[in-house]
Amino acid sequence: STGLNMAGSGAMNCRPIGVGHAAPSRIVTNVDLESVVETSDEWIQTRTGIAQRRVLTGDETLRSLGVKAANEALKNAGVAAADIDMVICATSSPDDMFGDATAIAAEIGCSTDTMGFDLTAACSGFLFATATAGQFLSTPGTKMKNILVIGADALSRWVDW
């Protein structure tokens, strides 16, 4: 997740001012997959470069990880949640089919005036969300100063291990 605000120049009309991250606690290695499907660590690594992946378990949700990353980004940026004008959650796998951005905004303590929406664009979602934030921040006459962009996906929910 990255908090964004106005920049003096640049193609995206914004710049990151804080960064946070969160990942599920369960690690599934290629060796773990060898007992589930016909593959090997070497085969996977030479073709993808992947040695392990993270998978949601138990009480972990996309939203809870988004909240953790958002709080970290705000702390890193030195920005209070009440000063966030908009939350954009870039995801193809929200917990709620109507989106998670507004719930994340509420949980981190944003004002009831904070706008929020999810943007679905798969792998390029975070980039599109950042560009969208830049457009909102650079619109003539805008009063927006801080937009929180969160990139999160939990596609392992649909993998048939």
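All values reported here derive from a predicted model rather than from experimental measurement.

1. Notes on the packing of helix H3 (residues 62-77) against helix H4 (residues 101-108)
A pair of packed helices is characterised by two quantities: the angle between their axes and the separation of those axes. Where H3 meets H4, the closest approach of the two axes is 10 Å, and the angle between their N-to-C directions is 55°. When the axis of H3 is compared with that of H4, the two are oblique. Crossing angle aside, the handedness with which H3 passes H4 is right-handed. Along its contact with H3, which presents Arg 63, Gly 66, Val 67, Ala 70, Asn 71 and Leu 74, the element H4 presents Ala 103, Ile 104, Glu 107 and Ile 108. Residue composition of the contact of H3 with H4, by class: six nonpolar, two polar and two charged.

2. With respect to the pattern of salt bridges
What the rule picks out here adds up to two salt bridges. One salt bridge in this structure joins Arg 157 and Asp 95, with 2.2 Å as the shortest N-O distance. Here Arg 157 is found in the segment after strand S7 (146-151), whereas its partner Asp 95 is found in the loop between strand S5 (86-90) and H4, with 62 residues between them in sequence. Using a relative accessible area of 31% as the deciding quantity, one classes Asp 95 as partly exposed.

3. Focus: the packing of aromatic side chains
Counting across every chain of the model gives one aromatic pair. Relative to Phe 136, the ring of Phe 117 has its centre 6.2 Å away and its plane inclined at 50°; by these criteria the two rings are tilted. Note that Phe 117 is positioned in strand S6 (residues 115-119) and Phe 136 in helix H5 (residues 125-138), a separation of 19 residues in sequence. Residue class for Phe 117 comes out partly exposed when judged on its relative accessible area of 29%.

4. Describing the environment of Pro 16
Tracing the backbone through its elements, the reader meets Pro 16 in strand S2 (residues 15-19). Residue Pro 16 is classed as exposed on the basis of its relative accessible area, which comes to 55%. Taking the C-alpha atoms as reference points, Pro 16 and Glu 60, separated by 44 residues in sequence, lie 27 Å from one another.

5. A short note on the environment of Leu 62
On the secondary structure map, Leu 62 appears in helix H3. Overall, Leu 62 belongs to the buried group, its relative accessible area being 4%. With 48 residues separating them along the chain, Leu 62 and Cys 110 place their C-alpha atoms 18 Å apart. Discounting chain neighbours no more than four positions away, the residues touching Leu 62 are Leu 56, Thr 91, Ser 93, Pro 94, Asp 95, Asp 100, Ala 152, Asp 153, Ala 154 and Arg 157.

6. Describing the layout of surface pockets
Taken as a whole, the largest pocket spans an internal volume of roughly 420 Å³. Contributing to the lining of the largest pocket are 23 residues, with Ala 22, Pro 24, Ala 152, Asp 153 and Ala 154 lying nearest its centre. Among the elements of the structure, strand S4 (52-55), H3 and S7 are those that each provide at least two residues to the lining of the largest pocket. With four residues, H3 is the single largest residue contributor to the lining of the largest pocket. Classifying every residue of the lining of the largest pocket gives 14 nonpolar, six polar and three charged.

7. With respect to unusual backbone geometry
In the Ramachandran plot, Ala 122 falls in the positive-phi region, its phi being about 50° despite a non-glycine side chain. The residue Ala 122 is located in the loop between S6 and H5 in this model. A relative accessible area of 48% means that Ala 122 is categorised as partly exposed.

Conventions adopted
Residues numbered from 1 in each chain as written. Predicted model: local features only at pLDDT ≥ 70, side-chain atom pairs only at ≥ 80, totals over all residues. Heavy atoms only, no water. Axes fitted to C-alpha atoms, helices over the stretch in contact; angles between N-to-C directions. Helix = DSSP H or I, 4+ residues; strand = E, 2+ residues; numbered from the N terminus. Parallel < 35°, antiparallel > 145°, perpendicular 65-115°, else oblique. Left-handed = near helix turned anticlockwise from the far one by under 90°. Contact = heavy atoms within 4.5 Å. Nonpolar A, V, L, I, M, F, W, Y, C, P; charged D, E, K, R; others polar. Salt bridge = Lys/Arg side-chain N within 4 Å of Asp/Glu carboxyl O. Buried < 20%, exposed > 50% of the residue type's maximum accessible area, 1.4 Å probe, protein only. Phe/Tyr/Trp six-rings, centres within 6.5 Å; stacked < 30°, edge-to-face > 60°. 1 Å grid on protein atoms, 1.4 Å probe; cavity = no way out; pocket = protein on both sides within 12 Å on 5 of 7 lines; lining within 4 Å. Points joined across faces, edges and corners; volume = space filled by probe spheres on them.

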